[in-house]
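# Per-entry structural report
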Amino acid sequence: MSAISLFLHSTGTGPFIWGSVAPEVFAGTEKVAPTHLGYPPNASLSRGAVCHASDDAREVMRGLPSDGDVHLFAHSYGGIVAFELLRELRGRVRSLFLYE
């Protein structure tokens, strides 16, 4: 069981916004920075398609191991996704950092 530092990006950006985070921030954990639905390299959403934060959270959960501690870092819309993940991850979340 290993710990994960999960970084969730905002609307109009991508996981690249986390590229300059100092390694000390996630030391001792695996850094995971998924891309939200509709953002490259994922397929584009079709015009008029509706994507909710719960959809992004469900997709993030598919890529996470089923156990281990999680530290959540999120910016803007990523914070809404993080709140959705809190329901799924329950007691696994060890810290939560949200900013706008």
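Refer to the structure presented above.
Just so it is clear, the structure is predicted and the values come from calculations on it, not from any experiment.

Okay, the nonpolar core next. Core analysis: the biggest nonpolar cluster contains 17 residues, and Leu6, Leu8, Leu72, Val81 and Leu85 have the highest contact counts within it. Mapped onto this core, the elements with two or more residues apiece are β1 (4-8), α1 (53-62), β3 (70-75) and α2 (77-89). With five residues, α2 is the largest single contributor of residues to this core. If we ignore the near neighbours within four places in the chain, the residues touching Leu6 are Val32, Pro34, Val60, Leu64, Val70, His71, Leu72, Phe73 and Leu85. By size, the runner-up hydrophobic cluster in this structure holds five residues, among which are Phe7, Trp18, Val21 and Phe73.

On to the pattern of salt bridges. In total, this model carries four salt bridges according to the counting rule given. Here Asp55 and Arg58 are joined by a salt bridge, their closest N and O atoms 2.6 Å apart. Of this pair, Asp55 and Arg58 are both found in helix α1, three residues apart, which corresponds to roughly one turn of the helix. A salt bridge links Arg94 to Asp69; the nearest nitrogen and oxygen atoms lie 3.2 Å apart. Residue Arg94 is found in strand β4 (residues 93-99), and its partner Asp69 is found in the loop between α1 and β3; the two are separated by 25 residues along the sequence.

Right, let's talk about the packing of aromatic side chains for a bit. Applying the stated criterion across every chain, the model contains five aromatic pairs. Measuring from ring centre to ring centre gives 6.2 Å for Phe7 and Phe26, while their planes differ by 85°; the resulting arrangement is edge-to-face. One end of the pair, Phe7, is in strand β1; the other, Phe26, is in the loop between β1 and β2 (30-32), and 19 residues separate them in sequence. The exposure class assigned to Phe26 is buried, which follows from its relative accessible area of 16%. Measuring from ring centre to ring centre gives 6.2 Å for Trp18 and Tyr99, while their planes differ by 85°; the resulting arrangement is edge-to-face. In this pair, Trp18 sits in the loop between β1 and β2 while Tyr99 sits in strand β4, placing the two residues 81 residues apart along the sequence. Overall, Trp18 belongs to the buried group, its relative accessible area being 4%. Taking the relative accessible area as the measure of exposure, Tyr99 reaches 45% and is therefore partly exposed. Here the aromatic cluster, defined as three or more aromatic residues joined through ring pairs, consists of Phe7, Trp18, Phe26, Phe73, Phe97 and Tyr99. Its end group placed over the ring of Phe7, Lys31 keeps NZ or CZ at 5.5 Å from the ring centre.

Basis of the calculations
Residues numbered from 1 in each chain as written. Predicted model: local features only at pLDDT ≥ 70, side-chain atom pairs only at ≥ 80, totals over all residues. Heavy atoms only, no water. Core = buried A, V, L, I, M, F, W, Y, C linked by side-chain atoms within 4.5 Å. Buried < 20%, exposed > 50% of the residue type's maximum accessible area, 1.4 Å probe, protein only. Helix = DSSP H or I, 4+ residues; strand = E, 2+ residues; numbered from the N terminus. Contact = heavy atoms within 4.5 Å. Salt bridge = Lys/Arg side-chain N within 4 Å of Asp/Glu carboxyl O. Phe/Tyr/Trp six-rings, centres within 6.5 Å; stacked < 30°, edge-to-face > 60°. Lys NZ or Arg CZ within 6 Å of the ring centre and 35° of its normal.

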